[in-house]
Amino acid sequence: MESTGKYWIPVYNILEATCTIVLAHPKYVKAIRGKKTDKKDAKWIADIFKHDLVSGSFIPPTDIRQLRDLMRYHWKLTNFTTGEKNRAQNCLTVSNIKLDDVFSDVFGKAASAITTRLLESSEPFDVTPYLTKNIKTPVEKIQAAVDGEMCAEQAEKLRIIRSHMDALELCKLNLQSLILTTAEKYLPQLNIVATAPGIQAFSAIGIVSEIGVDMSVFPSSKHLCSWAGLTPQNNESAGKKKTTRISRAGTYIKPLLVQCALCAIRAKQFPEVRRRYLALKKRRGHKKAIIAIARMLLTAIYNMFKKNEPYNPELYRIPDRPPAHRMVSLEEAIYIIQRQGYLVTPPPAS
């Protein structure tokens, strides 16, 4: 079966219990241009499937699919909230109110209190009663930042935006409760994933909802990383590499793993992750280094599920330790020291 939008799902739901279905990506079963009709497409797909040339897509079990749908909807609600925050910020900017210049978070406690006061009345007021103790910006700058005038249209628009944000927050809380209830049956696997660097409880649910808990569907960790879009492309012809950029796959899991990787490189209890990140960043830059750390995390998660054991940092630390008794040449000694992050100038040749 060729996957087309959401139209394959009703057919898949009916046939899943009684048939072995191979769901193919259209990119891999596309017919020749100029000879493409619905009938010819069906004939072509049947022909290549008969010769075992159709590689099926990964379709998780029903309960994982339901959890995945809830987690993706939660991600959409977060995007909606971000969009409304940008619109609220725009309302303040066009009204000559520059709270973003004096507050790190325009939607924090003090800034929200000042915004509420601006919506209640357009008359000048003293901002001092609305400030908290931890604000470092001088009161004079904050007073100057609210020296604007908000028209009635922008004020009403801002009220609608804030009410929508409150409604979205309530929807997210209800959805999170439903997600936690749905994910209860995978609590042992979630506890295993949560032991990995940079992964918290809700991130663990997101990872399980995307890749499932049965790693037998992926032949190796490299296949899983390729499926998640964390490996370079192979586009080589006549000995020339045209591109080595990562693919567009993993629309949902790749940003999640990158966020976990950014958290992991800052965690002090996992120095092996930060050392690897700094070594890669020095040679390849931050972006490629963080993708490499995300792949490192996904590879660890694959093996943790495969062996049903928690994260073991010693497996990464052992190769970094040189043997206690080892004879090395001068070049090898320089290389070992450079791997530790030191800058070494080779001695002049005699």
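Each residue is numbered by its place in its chain's sequence as written, counting from 1. For this predicted model, a pLDDT threshold of at least 70 governs which residues receive local features, and a threshold of 80 or more governs which side-chain atom pairs are given and counted, while totals over whole chains, interfaces and linings are taken from all residues. Computation of side-chain values: all heavy atoms of the structure, hydrogens and water removed.

**Concerning a positive patch on the surface**
Piece 1. Together, Arg 276, Arg 283, Arg 284, Lys 288 and Arg 339 make up a region of like positive charge exposed at the surface.
Piece 2. Counting from the N terminus, the helices are the DSSP runs of H or I reaching at least four residues and the strands are the DSSP runs of E reaching at least two. Among the elements that line the positive patch, the one with the most residues is helix H11 (residues 271–284), at three residues.
Piece 3. Counting through the fold element by element, Arg 339 comes out in helix H14 (residues 330–339). Think of a patch as exposed residues, more than 30% relative accessible area, with no salt bridge, where like charges cluster within 9 Å and nonpolar side chains (Val, Leu, Ile, Met, Phe, Trp, Tyr) cluster within 5 Å. The method behind every accessible area is Shrake-Rupley, applied with a 1.4 Å probe, and residues are considered shielded solely by the protein chains displayed. Salt-bridge detection follows one rule: a side-chain nitrogen of Lys or Arg within 4 Å of a carboxyl oxygen of Asp or Glu. Asp and Glu count as negative and Lys and Arg as positive, but His and the ends of the chain are not part of the count. By convention, the point assigned to a charge is CZ for Arg, NZ for Lys, CD for Glu and CG for Asp.

**Some remarks on the packing of aromatic side chains**
Piece 1. For this analysis, a ring pair means two rings from Phe, Tyr or Trp (six-membered ring only for Trp) whose centres lie within 6.5 Å, classed as stacked if their planes differ by under 30 degrees, edge-to-face if by over 60, and tilted for the remaining angles. Summed over all chains, the structure comprises seven aromatic pairs.
Piece 2. Look at Phe 58 and Phe 218: their rings are 5.1 Å apart centre to centre, the planes differ by 55°, and that puts the pair in the tilted class. On the criterion of sequence distance, the pair formed by Phe 58 in the loop between helix H2 (38–50) and helix H3 (62–94) and Phe 218 in the loop between helix H8 (201–211) and helix H9 (221–227) is long-range, its members being 160 residues apart.
Piece 3. With centroids separated by 5.7 Å and ring planes inclined at 55°, the aromatic side chains of Phe 218 and Trp 227 adopt a geometry described as tilted.
Piece 4. Residue classification places Trp 227 among the partly exposed residues on the basis of a relative accessible area of 28%.
Piece 5. Through a chain of ring-to-ring contacts, the aromatic side chains of Phe 58, Phe 218 and Trp 227 assemble into a single cluster. A 1.4 Å probe rolled over the protein chains alone gives each residue an accessible area, and that area as a share of the maximum for its type sets the label: buried under 20%, exposed over 50%, partly exposed in between.

**Overview of the side chain of Asp 41**
Piece 1. Structurally, Asp 41 is set in helix H2.
Piece 2. The exposure class assigned to Asp 41 is buried, which follows from its relative accessible area of 10%.
Piece 3. At a separation of 2.9 Å, a polar atom in the side chain of Asp 41 contacts the side chain of Lys 36.
Piece 4. For this analysis, residues touch if any pair of their heavy atoms sits within 4.5 Å. Excluding residues within four positions of it along the chain, Asp 41 makes contact with Ala 31 and Lys 36. As used in this structure description, the phrase polar contact means that two N or O atoms lie within 3.5 Å; if the pair is within protein, one of them must be able to donate a hydrogen and the other to accept it, and residues adjacent in sequence are counted only when both atoms belong to side chains.

**Concerning the state of the cysteines**
Piece 1. Defined by distance alone, a disulfide is two cysteine sulfur atoms within 2.5 Å. Taken as a whole and judged by the stated rule, the model has zero disulfides.
Piece 2. Distance from the sulfur of Cys 151, which forms no disulfide, to the nearest cysteine sulfur (Cys 91) is 8.8 Å.
Piece 3. A relative accessible area of 36% means that Cys 151 is categorised as partly exposed.

**Details of the pattern of salt bridges**
Piece 1. Applying the stated criterion across every chain yields a total of eight salt bridges.
Piece 2. For Asp 63, the salt bridge is made with Lys 185, and the minimal N-O distance between the two is 2.8 Å. Placement of the pair is Asp 63 in helix H3 and Lys 185 in the loop between helix H6 (152–182) and helix H7 (187–193), with a sequence separation of 122 residues.
Piece 3. We classify Lys 185 as exposed; its relative accessible area is 54%.
Piece 4. Among the salt bridges present, the one from Glu 156 reaches Arg 159, with a minimum N-O distance of 3.2 Å.

**A look at unusual backbone geometry**
Most of the time, phi is negative for any residue but glycine, and the peptide bond is trans.
Piece 1. Unusually for a residue other than glycine, Asp 52 sits at a positive phi of about 60°.
Piece 2. Here Asp 52 shows up in the loop between H2 and H3.
Piece 3. The exposure class assigned to Asp 52 is exposed, which follows from its relative accessible area of 66%.
Piece 4. Even without glycine at this site, Ala 238 takes up a positive phi of about 55°.
Piece 5. The residue Ala 238 is located in the loop between strand E1 (235–237) and strand E2 (240–243) in this model.

**Description of the packing of helix H4 (residues 109–120) against H6**
Piece 1. Under this scheme, a helix contributes an axis fitted over its contacting stretch, all axes are lines through C-alpha atoms, and angles between N-to-C directions fall in the 0 to 180 degree range. Contact geometry for H4 and H6: axes closest at 10 Å, N-to-C directions at 135°. If you check the angle between H4 and H6, you find them oblique. Crossing angle aside, the handedness with which H4 passes H6 is left-handed. Residues Ser 112, Thr 115, Thr 116 and Leu 119 of H4 lie in contact with H6, whose contacting residues are Ala 155, Leu 158, Arg 159 and Arg 162. Each angle receives one of four descriptions, namely roughly parallel if under 35 degrees, roughly antiparallel if over 145, roughly perpendicular if within 65 to 115, and oblique otherwise. The crossing is said to be left-handed when, going from far helix to near helix, the turn is anticlockwise and less than a right angle, and right-handed when the turn is clockwise.

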